[in-house]
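A structural walkthrough
This is what each chain is made of:
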Amino acid sequence: MAETKKKVHFIIERQDGPTSQPYTEEFEVDYRPALNVVAALMEIQKNPVTKDGKKTTAVVWECNCLEKVCGACMMVINGKAQQACAALIDHLEQPIRLAPARTFPVIRDLMIDRSVMFESLKKVQAWVKVDGSWQIHNDAPRQNPKTADTAYEISRCMTCGCCMHACPNVNSGSDFIGPAPMVQAHLFNLHPTGEYNKEDRINALMQKGGISSCGNSQNCVQACPKDIKLTEYIAKLNRDANKQALLNMLNK
């Protein structure tokens, strides 16, 4: 008697377009050791047939690096936003439920539009405005070794959106820009050259939808796949904002 192959059962929330109604389809793929969610989706893509034998369209999702670096394959797996490339089947309870992170607009199936995060990075000017060559003398800006570790930690952010999905203050009824863009502002404030525009970033964060909209729920810290201490750095930004508000009042 032929041995029955072990199967992995998926229940996938699908959506044919941005304005379409969501629906679910179930799939099975052959189990193999070290299988992750992205690899399983690739198997479904090669043969898009549902569990009950119905031919369907291939499931659409987004991925790039497959090394938990780019953040593109973020989706909701068994109720938790995480990277599909790092989600091992052996660590997931079956049936495995996949859904798009609906904090963001859905393009199709599991593929979402995260452009709101990139627009928020523009709002807080998350870049170094003035950079270039400097003469080697004592007045040249230098990286403070005490802040280098913090800067490296924050720089690991993938702009994946896990923290945005987990945050209760990021929703369709709120204009809160979310934890990731705010903490990127802190990153560039730590930069020896970026610090020259610190006031501009802090003033941007003091506007509607900025730092005052953070409820300090701590959900973002638990959701971050890079273990960035988001609320700790938001608290530092809050202190900077209070100082800036006082200076703004004195300068009026």
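These figures come from a predicted structure and were not determined experimentally.

Moving on, we come to empty space enclosed by the protein. Tallied over the full model, the rule gives three cavities of 30 Å³ or more. Computed from the structure, the largest cavity encloses a volume of approximately 130 Å³. Lining the largest cavity are 17 residues, and of these C157, C160, C163, A180 and C224 lie nearest its centre. Of all the secondary-structure elements, those providing two or more residues to the lining of the largest cavity are α4 (162–166) and α5 (179–190). Among the elements that line the lining of the largest cavity, the one with the most residues is α5, at three residues. Of the residues assigned to the lining of the largest cavity, the class counts are 13 nonpolar, three polar and one charged. C167, N169, F176, P179, C214, G215, N216, S217, C220 and I234 are the residues that line the second largest cavity.

Turning to the domain arrangement of the protein, a few remarks are in order. Taken domain by domain, the protein holds domain 1 (7–111) and domain 2 (114–251). In this structure, domain 1 and domain 2 have C-alpha centres spaced 32 Å apart. With 15 residues of domain 1 at the contact, the number on the domain 2 side is twelve residues. Summing both sides of the interface, domain 1 and domain 2 together bury roughly 1,100 Å²; the carbon and sulfur share of this comes to 62%. If you sort the residues of domain 1 by the area they bury against domain 2, K68, T103 and F104 come out on top, with a joint share of 46%. The interface formed by domain 1 and domain 2 holds zero salt bridges in total. For the pair domain 1 and domain 2, the number of links is four residue pairs in polar contact (both at pLDDT 80 or more). Elements represented by at least two residues in the side of domain 1 that touches domain 2 include exactly β3 (74–77) and β4 (80–83). Ranked by the residues each element gives to the side of domain 1 that touches domain 2, the list is headed by β4, at three residues. Class assignment of the residues belonging to the side of domain 1 that touches domain 2 gives a composition of eight nonpolar, four polar and three charged.

It is the contact of α5 with helix α6 (residues 198–205), at a shortest axis distance of 10 Å, that shows an interaxial angle of 165°. With respect to α6, the axis of α5 lies roughly antiparallel. As α5 runs across α6, the sense of the crossing is left-handed. Taken together, the residues of α6 that come into contact with α5 (itself represented by M182, A185, F188 and N189) are K198, R201, I202 and L205. Among the residues forming the contact of α5 with α6, the class breakdown is five nonpolar, one polar and two charged.

Cut-offs and rules
- Residues numbered from 1 in each chain as written.
- Predicted model: local features only at pLDDT ≥ 70, side-chain atom pairs only at ≥ 80, totals over all residues.
- Heavy atoms only, no water.
- 1 Å grid on protein atoms, 1.4 Å probe; cavity = no way out; pocket = protein on both sides within 12 Å on 5 of 7 lines; lining within 4 Å.
- Points joined across faces, edges and corners; volume = space filled by probe spheres on them.
- Helix = DSSP H or I, 4+ residues; strand = E, 2+ residues; numbered from the N terminus.
- Nonpolar A, V, L, I, M, F, W, Y, C, P; charged D, E, K, R; others polar.
- Domains from an automatic or database assignment.
- Contact = heavy atoms within 4.5 Å.
- Buried area = accessible area lost by both parts, 1.4 Å probe.
- Salt bridge = Lys/Arg side-chain N within 4 Å of Asp/Glu carboxyl O.
- Polar contact = N/O pair within 3.5 Å; in protein donor to acceptor, adjacent residues only side chain to side chain.
- Axes fitted to C-alpha atoms, helices over the stretch in contact; angles between N-to-C directions.
- Parallel < 35°, antiparallel > 145°, perpendicular 65-115°, else oblique.
- Left-handed = near helix turned anticlockwise from the far one by under 90°.

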